[in-house]
Amino acid sequence: MDWNLRPAWQQRTALRAGDVTSIELTDLAISAIEQGDGLINAICVPDFERARAAARAADLARADGADHPLLGIPVTVKESYNISGMPTTWGMPQYRDFVPTDDAVQVARLKAAGAVVLGKTNVPLGLQDLQTFNQIYGTTNNPWNLERTSGGSSGGSAAALACGFGALSIGSDMGGSLRTPAHFCGIYAHKPTLGLAAMRGMTPPPEAALPIEADLAVVGPMARTARDLTLLLDVMAGPDPLTFGVAHEVTLPPARYRTLGDFRVLVLDDHPCITTGASVRAAVHRVADVLTAGGARVEHRTPLLPDLAEAGRLYAQLMFSGATARFPVETYEQLTRRAAELSPDDDSLTAARWRAMVCTHRDWMVADRCREIHRQAWRTLFDEFDVVVCPITPTPAFPHHHDLDLLGRRIDVDGVEFPFFDQLVWAGLATMPGLPATAIPTGPSAEGLPVGVQLVGPLFGDRTTIRLAELLEDQLGGFLPPPR
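Now for a quick tour of the structure. (Residues numbered from 1 in each chain as written. Predicted model: local features only at pLDDT ≥ 70, side-chain atom pairs only at ≥ 80, totals over all residues. Heavy atoms only, no water.)

**Regarding the packing of aromatic side chains**
1) Next: All chains considered together, the criterion is met by six aromatic pairs.
2) Next: Their ring planes at 75 degrees and their centres at 5.7 Å tell us that Tyr257 and Phe263 sit as a pair that is edge-to-face.
3) Next: A relative accessible area of 0% places Phe263 in the buried class.
4) Next: Taken together, Phe184, Phe320, Phe398, Phe420 and Phe421 form an aromatic cluster joined through their ring pairs.
5) Next: The lysine or arginine in question, Arg297, covers the ring of Phe385, its NZ or CZ lying 5.1 Å from the ring centre.
6) Next: Across the ring face of Trp354, the terminal group of Arg338 is positioned such that the distance to the ring centre comes to 4.6 Å. (Phe/Tyr/Trp six-rings, centres within 6.5 Å; stacked < 30°, edge-to-face > 60°. Buried < 20%, exposed > 50% of the residue type's maximum accessible area, 1.4 Å probe, protein only. Lys NZ or Arg CZ within 6 Å of the ring centre and 35° of its normal.)

**Describing the nonpolar core**
1) Next: With 71 residues, the main nonpolar core has Leu70, Tyr81, Leu291, Val389, Leu455, Leu468 and Leu472 as its most contacted residues.
2) Next: Counting 48 residues, the second largest nonpolar core, distinct from the first, contains Leu308, Ala309, Met357 and Trp378. (Core = buried A, V, L, I, M, F, W, Y, C linked by side-chain atoms within 4.5 Å.)

**Description of helix α3 (residues 48-63)**
1) Next: With 16 residues, α3 should reach 22 Å at 1.5 Å per residue; the first-to-last C-alpha distance of 23 Å fits that figure.
2) Next: Every buried residue of α3 is accounted for by Phe48, Ala51, Ala55, Ala58 and Arg62. Projected down its long axis, α3 carries its buried residues within an arc of 70 degrees, all on one side. In this structure, α3 carries Glu49, Leu60 and Ala63 as exposed residues pointing more than 90 degrees from its buried face.
3) Next: Buried residues along α3 sit in contact with α1 (8-17), α2 (22-40), β1 (43-46) and β3 (116-121).
4) Next: Of the residues one or two after α3, Gly65 is the one with positive phi, at around 105 degrees. (Helix = DSSP H or I, 4+ residues; strand = E, 2+ residues; numbered from the N terminus. Expected span 1.5 Å × (residues − 1). Arc of directions from axis to C-beta. Contact = heavy atoms within 4.5 Å.)

**Quick word on α1**
In an α-helix there are 3.6 residues to a turn, and that puts residues three or four apart on one side.
1) Next: All of the buried residues along α1 are Ala8, Gln11, Ala14 and Leu15. End-on view of α1: buried residues confined to an arc of 125 degrees, all on one side of the axis.
2) Next: Close packing links the buried residues of α1 with α2, α3, β2 (74-78), β8 (168-173) and α7 (226-236).
3) Next: Count one or two residues on from α1 and you reach Gly18, which has phi positive near 80 degrees.

Shown next, in the form of structure tokens:
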């Protein structure tokens, strides 16, 4: 197999054995980008000169006896992370010349672990889309079908990994931004438990990189194998050294079980707020069949499951209230008038989003209290189950759709149209209560597009969902490179 498509753990083994050097791996990755990224447009800000220098330094360090976790392994970084000397724009044209002077916490951790940063990967405008396109860097295409999206907002990272442009990448997730691109591009990603990995420096320009605890949002690893998720998560996990890191260290609980037959799994394929497409439903059933054949206890319903419709509305309120918090006063006033026109009886997700954009602090406090009630329900459920298997979105990757009126867009699910953002309810299942979720590929659909599912676990059960991902990888076949 091509070195560029080998997982990071295999590259690390080969580096340790002297079978390959970091500069060789780096040159191969750069060559692959130069030859193949013209069609994909995943790497928006290359940093090849510094990457080659870092690779040479890694080879010298290994010769001197160093053995850091990622020493000499080529990686990419989502554009939204600050890297000293490189632009951080979040796809916003007015900030195309903003260049931070310090690395984000996670970039610093990558470098301390010995990783070789090849460059930055593309993002949507303001990280606010399930696609990846902006006026500065253009559109990132899906490697399986160039007419379709790679997902968002970590779509550049997912496409890069699918093509072999680096062995690992780091992204972020609030609306499925790690999981949706993984699902669309056929790779692995992990949304950590809320607060597990420090976010400082994953900061919109031109703001200072302050150690602020984000609500809903997380940063996390992306890879071509489940085992690599653990490798990278162990580098990323831990509090900010400026705040909780002064006094706290992280020790994640081990996986609840090591073998497939010991797991207790709840499988969900229906949501009260949106239809599940046939391709995604088939993928969920494929995973359920593998679990059952492996001896796992598989259930498809339980009275312990929180109200998913209420959870969807609550997630919309928490997410959209934060998204509009910095809007100008005149825009806020327009939103207020629009929300006032809603019928009091309208409990749709669209109405929840409009109300959220103008909700008061009192409203938010009520919603936050409701979130804690849902968290308690999830704790009770995870006394009886270890993992929940469910969709990430209701469809595989959809065709590029660049209408900037996001609230006016529609998503087609097997011939039925829904408001575009209704598809976020599956991502919100884990995001709203802050649960960990691992996205895994299940193989291509009948249409030849990748389809993934997510494995949702209890708070700080990150090793449990990743361990089940490893076991399923062995049974489902894992990552498949896109057709060339």
